[in-house]
Amino acid sequence: INMGEKIAVYGDYDVDGITATCLLTDWLCCKGAECVSYIPDRIEEGYGLNCEAIESLGRKGVKLIITVDCGITAYNEAEFARSIGIDLIITDHHECRDITLPNAVAVIDPKQAQCTYPNKDLAGVGVALKLACAVDGDSRKIIKKYADIAAVGTIADVVPLRGENRYIVRTGLRNLENNVRPGLAALIREAGVEERKMNASTIGFSIAPRLNAAGRLGCVPIALNLLMTHDKTKASALAAELCDLNRRRQTLETDIWNDALTHIDHPVDEPVPLVLASSEWHQG
């Protein structure tokens, strides 16, 4: 930030990754950084870091990439970033593949073997929140500002709601009832849950699926812009668009389910898993 280097926050396309990307991008921008967000397209790029995206960000002047909710197994991508002069900081919460970590400037993941941090159950957005707390130095202020976003990502990723996670969610739910953030307030209204008590079930069954629909259908910018906008009119339009996407996602899932049933050509009496596939089904 002090040197004016351009930073990219590179996230995942699920709710945890989207909220983590928004949280860290907003915090960096508030600290005066020139910062952009990047989430790969689920259909075109798939999950995690990829060399094409790293190269593209480099051409746009990015000197530092910070991953959120991904990157812990990105060995080749880390070497590629290093080879073209881009620093890489990995923040993730997934299991490490082995003892060797990607060759990054820093790796922040409570599940790595050497990490003594007591909470191994943080979601990706929780790790991003803790990074902002540590660098900013005022944890109380950061948690107060971002607990709503962190709560949504934590609930959506179905991590255990105990200890620190429980505190994050409880604080975030309290913030959501005040509807401070225009995007989340608009989404709560559009989802028809404005009059309900804001709890983990409300988030898990009404708010998270709508955000998740953007990632499933390759329209992540809608969710990103919704969470980051400060314009109430824009937030309302984006929330409506997100709910339309979710209805489309529901229709697609129903069509796939009905088609899947036609592939089962004999009755199944035992509770065994069935794995079905079709090139006609939407990847998301």
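What counts, and at which threshold
- Residues numbered from 1 in each chain as written.
- Predicted model: local features only at pLDDT ≥ 70, side-chain atom pairs only at ≥ 80, totals over all residues.
- Heavy atoms only, no water.
- Axes fitted to C-alpha atoms, helices over the stretch in contact; angles between N-to-C directions.
- Helix = DSSP H or I, 4+ residues; strand = E, 2+ residues; numbered from the N terminus.
- Parallel < 35°, antiparallel > 145°, perpendicular 65-115°, else oblique.
- Contact = heavy atoms within 4.5 Å.
- Nonpolar A, V, L, I, M, F, W, Y, C, P; charged D, E, K, R; others polar.
- Phe/Tyr/Trp six-rings, centres within 6.5 Å; stacked < 30°, edge-to-face > 60°.
- Buried < 20%, exposed > 50% of the residue type's maximum accessible area, 1.4 Å probe, protein only.
- Pairing = 2+ DSSP bridges.
- Core = buried A, V, L, I, M, F, W, Y, C linked by side-chain atoms within 4.5 Å.
- Salt bridge = Lys/Arg side-chain N within 4 Å of Asp/Glu carboxyl O.

Engineer: For this particular structure, what's the right way to read the packing of helix α5 (residues 139-156) against helix α8 (residues 200-216)?
Structural biologist: If you want to describe how two helices pack, look at the angle between their axes and the distance between the axes. At a closest axis distance of 9 Å, the pairing of α5 and α8 adopts a crossing angle of 90 degrees. Our classification of the angle between α5 and α8 gives roughly perpendicular. When α5 is examined against α8, the residues V152, I155 and A156 are found in contact with a partner set consisting of A200, I203, G204, A208 and L211. Here the residues of the contact of α5 with α8 are counted per class, giving seven nonpolar, one polar and no charged.

Engineer: I keep staring at the packing of aromatic side chains and nothing clicks. Help me out?
Structural biologist: A complete count under the given rule lists one aromatic pair for this structure. When the ring of Y10 is compared with that of Y38, the centres are 5.2 Å apart and the planes differ by 35 degrees; the resulting orientation is tilted. With Y10 in strand β1 (residues 6-10) and Y38 in strand β2 (residues 34-38), this residue pair connects regions lying 28 residues apart in the sequence. Judged by relative accessible area, Y10 falls into the buried class, the value being 0%.

Engineer: Would you mind going over the sheet that holds strand β3 (residues 62-67) with me for this structure?
Structural biologist: Read from one edge to the other, the open sheet built from five strands follows the order β2-β1-β3-β4-β5, with strand pairing classed as parallel. Two strands close off the open sheet at either side, each with one partner strand: β2 and β5 (106-108). Strand-to-strand twist across the sheet, computed as the mean angle between neighbouring axes with direction ignored, equals 20 degrees. Summarising the sheet, β3 and strand β4 (residues 87-91) pair through four bridges and their orientation is parallel. Paired with L64 across the strands is D87, a residue of β4.

Engineer: I'm lost on the nonpolar core in this one. Help?
Structural biologist: Grouped burial of nonpolar side chains is what soluble globular proteins tend to show. In terms of nonpolar packing, the biggest core is built from 66 residues, with L28, L129, L211 and L242 touching the most fellow members. If one sorts the elements of this core by residue count, α5 sits on top with nine residues. Those residues in contact with L211, other than ones at most four positions away along the chain, are V15, I18, V152, L187, A223, L226, L227 and L242. V62, A74, I86 and A104 belong to the second-largest nonpolar core, a separate cluster that totals 20 residues.

Engineer: I would appreciate a short explanation of the pattern of salt bridges in the present structure.
Structural biologist: Proximity of charged atoms lets side chains of opposite charge pair with each other. Evaluation of the coordinates by the stated rule reveals eight salt bridges. Ionic pairing is found between D136 and K31, a salt bridge with its closest N-O pair at 3.2 Å. Residue D136 is located in helix α4 (residues 124-136), and its partner K31 is located in the loop between α1 (15-30) and β2; the two are separated by 105 residues in the primary sequence. Classification of D136 by relative accessible area gives buried; the value is 16%. Taking the relative accessible area as the measure of exposure, K31 reaches 39% and is therefore partly exposed. Among the salt bridges present, the one from D136 reaches K141, with a minimum N-O distance of 3.3 Å. Connected through shared salt-bridge partners, K31, D136 and K141 make up one network.

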